[in-house]
Amino acid sequence: MVKICVLGLGYIGLPTALLFANSGHEVVGVDIKHQMVETLKTGKMPFEENGFQELLTSALEKKAFRAESQVEESDVFLVAVPTPFDPEMRMADLKYVISACEMIVPLLRKGNLVIIESTIPPKTCDKQVKQTLEKSTFRMCEDFYVSHCPERAIPGNTLHEMVYNDRVIGGVDEKSTQLTAELYSSFVKGNLHLTTSTTAEMIKLMENTFRDVNIALANEFAQIADDYGIDIWKAIEIANQHPRVNILKPGPGVGGHCIAIDPWFLTENASNSSLIMMARQINDSMPQYVLKMVKEVLAGIKNPTITVFGAAYKGDIADTRATPAKKFIKLAEKEGFRVKVYDPFVRGWCYPVLELNEAVDGSDCIVVLTDHSEFRNMDPTGFRNKMFHLNVIDTRNIINLSVWQNSDFYVHTIGKKLLKLPHVKDLEKSDILPIVY
Ligand code: SAJ
């Protein structure tokens, strides 16, 4: 058993701390957010996901986990604080990682292991982390050890992926790697891939960049398909039958705290990264593309109201970090649209999230932005008497086309041109612009 101090009790730090606590270690979880620590002290999870509460209850019963506001002397320090993106510089902002390392400095002892789980640009362990920790009297690789063990779990299925996914473990030297691998083997059931810290830093960023670039490709395909009037979803389905092709899904853009940000950590100091930057640009421009669809569908309608279905950045979670919905709503409001929002998971967002009936009342168009399961199975019959015009724009291709069409809705799907006129009750046909989607 070792004593582990986890700095940062967010979406990754807290479940990681609890997994270690349930695997026979003594864990102290530290966060600068006082409220978070207080909530944990009462035995409650500050945020919910499948299995989190049970894990906390069991760790507390074993007396293996404590939440505190101050860092304590330990055998292992695990840093899982956020790495924000500095949009002006297009660089990783390492202030929290460095400040966490600074908190460790006065408590550092000979033989300690410091693990960075936070996402960091290549060379961070070798340079900034080393530099900060060596403000103590100790030297890296002689007195203390450092490694990068990036988190790779997907929000929505965090616990399962933390336990069963393979892990990448990169130490600043062999001993750091070995010590870290030994520790993680206490709960990880996937394979442990041992490498150097810089390679591990690069691998994590490559994984998310790979996904971003491939989503950008799908988004570009969708726009080309709209130009040609073909169904991109059918085309992708058929193309993906090829044994070496796996095209991802188009959508309203890329959200979350990782995929929309990590590519910039890779490019910040790179001499050639035009493809990665271009992919970022394509994905970031998707809310504009969706707005263009809305404008075409609602052309000619006075004082249009739209209803956004989905504020979360992806399906069946309440997470709104960097959600494309926010940019879309901002742009739509600037264009003069009145915007109402419905999301079955999200509460207390920067825009009011309404109940379903209130959100569709008086609306001219529903815009589905998130792939929540509820939207897949939704029957819109009840909206008919509430909405002003029966249009729906599906940016995820998830709604049941025939059910919505049977309810008299005009369905417009991204990447799937539908050559029909929009549903406009109160206009002469001659006033209506030809519809493209
Ligand atoms: N998206 C699409 N089309 C797709 C797939 C996703 O538009 O075909 C969109 C989603 O709707 C969402 C965004 O991309 O807005 C990101 O969602 P995601 O499910 O791809 O990824 P995240 O951000 O929830 O989690 C990712 C994961 N990384 C990879 O799959 C390579 C996860 O494993 C990482 O742990 C996580 O980033 C992280 O923390 O880095």
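This one's a predicted model, so the numbers in the text were calculated from it and none came from an experiment. Numbering of residues starts from 1 in each chain and follows the order in which that chain's sequence is written. Totals for whole chains, interfaces and linings use all residues, but because this is a predicted model, local features are given only for residues with pLDDT of at least 70 and pairs of side-chain atoms are given and counted only at 80 or more. To get the side-chain values, take all heavy atoms of the structure and skip hydrogens and water.

### What to know about the UniProt feature "domain: UDP-glucose/GDP-mannose dehydrogenase C-terminal" (unreviewed entry) in the protein
- UniProt positions are given in the numbering used here, feature names are shortened, and annotations may be inferred rather than shown by experiment. Here the UniProt feature "domain: UDP-glucose/GDP-mannose dehydrogenase C-terminal" (unreviewed entry) sits at residues 307-401.
- What you have in residues 307-401 is 22% helix and 19% strand, and the ends, taken at the C-alpha atoms, are 18 Å apart. Secondary structure is summarised from DSSP: a helix means a run of H or I of at least four residues, a strand means a run of E of at least two, and numbering begins at the N terminus for each.

### Here we look at the sheet that holds strand β15 (residues 391-394)
- Judged by pairing direction, the sheet is parallel, and its six strands sit side by side in the order β13-β12-β11-β14-β15-β16 without closing on themselves. The strands lining the two open edges of the sheet, one partner per strand, are β13 (353-354) and β16 (410-413).
- The pairing of β15 with β16 spans four bridges and is parallel. Residue Asp 394 lies in a different strand from β16, and its bridge partner there is Thr 413. Strands are treated as partners if at least two bridges between them are detected by DSSP.

### Considerations on the domain arrangement of the protein
- What the domain assignment reports for the protein is domain 1 (3-197) and domain 2 (205-437).
- The domain limits used here are those given by an automatic or database domain assignment. On a C-alpha basis, the centroid separation for the pair domain 1 and domain 2 is 36 Å.
- Between domain 1 and domain 2, the contact holds 16 residues from the first and 15 residues from the second.
- Computed with a 1.4 Å rolling probe, the buried area is the accessible surface lost when two parts are put together, summed over both parts. Both sides together, the interface formed by domain 1 and domain 2 hides about 1300 Å², and carbon and sulfur atoms give 63% of it.
- In terms of surface lost to domain 2, no three residues of domain 1 exceed Phe 85, Arg 90 and Pro 155, which account for 34% of the buried area on that side.
- In what follows, salt bridge is the name for a side-chain nitrogen of Lys or Arg lying within 4 Å of a carboxyl oxygen of Asp or Glu. At the surface where domain 1 touches domain 2, the tally comes to one salt bridge.
- Note that Glu 207 and Arg 152 form a salt bridge whose closest N and O atoms lie 2.4 Å from each other.
- Taken together, the residues of the side of domain 1 that touches domain 2 break down into 10 nonpolar, three polar and three charged. Contacts between residues were defined by any pair of non-hydrogen atoms, one from each residue, lying within 4.5 Å. Three categories are distinguished: nonpolar for Ala, Val, Leu, Ile, Met, Phe, Trp, Tyr, Cys and Pro, charged for Asp, Glu, Lys and Arg, and polar for the others, with Gly belonging to the last.

### Considerations on the packing of helix α4 (residues 95-104) against helix α5 (residues 125-133)
- Axis geometry follows a simple rule: fit a line to the C-alpha atoms, using only the stretch in contact for helices, then measure angles between N-to-C directions, giving values from 0 to 180 degrees. Remark: α4 packs on α5, axes separated minimally by 8 Å, with the N-to-C direction vectors making an angle of 30°. Judged by the angle between their axes, α4 and α5 are roughly parallel. For α4 against α5, the interelement crossing comes out right-handed. Packed against α4, whose contacting residues are Ile 98, Cys 101, Glu 102 and Ile 104, the element α5 presents Gln 128, Val 129, Thr 132 and Leu 133 at the interface.
- Tallied by class, the residues present in the contact of α4 with α5 amount to five nonpolar, two polar and one charged. For this classification, under 35 degrees means roughly parallel, over 145 means roughly antiparallel, 65 to 115 means roughly perpendicular, and everything else is oblique. The handedness criterion is simple: a crossing whose near helix is rotated anticlockwise from the far helix by less than a right angle is left-handed, and one whose near helix is rotated clockwise is right-handed.

### Some details on a nonpolar patch on the surface
- In this analysis, a patch consists of residues with relative accessible area above 30% that form no salt bridge, clustered at 9 Å for like charges and at 5 Å for the nonpolar side chains Val, Leu, Ile, Met, Phe, Trp and Tyr. Areas reported as accessible are Shrake-Rupley estimates using a 1.4 Å probe. Residue values count occlusion only from the protein chains shown. A contiguous nonpolar surface patch, about 330 Å² in accessible area, is contributed by Ile 224, Tyr 228 and Ile 230.
- Among the secondary structure elements, Ile 224 is positioned in helix α8 (residues 197-228).
- Given a relative accessible area of 39%, Ile 224 falls into the partly exposed group. For every residue, the accessible area (1.4 Å probe, protein chains only) is compared with the maximum for its type, and the residue is labelled buried under 20%, exposed over 50%, or partly exposed between those bounds.

### Here's the deal with the site of the ligand
- Neighbouring residues are identified by heavy atoms, a residue being near a molecule or strand if any of them is within 4 Å of it. Taken together, 20 residues form the shell around the ligand, and within it Glu 151, Lys 204, Arg 211, Cys 258 and Tyr 313 come nearest.
- Contact with the protein chains hides 89% of the accessible area of the ligand, taken as 770 Å² for the molecule alone.
- Of the residues contributing to the shell around the ligand, the split by class is nine nonpolar, three polar and eight charged.
- A domain-level breakdown of the shell around the ligand finds at least three residues from each of domain 1 (3-197) and domain 2 (205-437).

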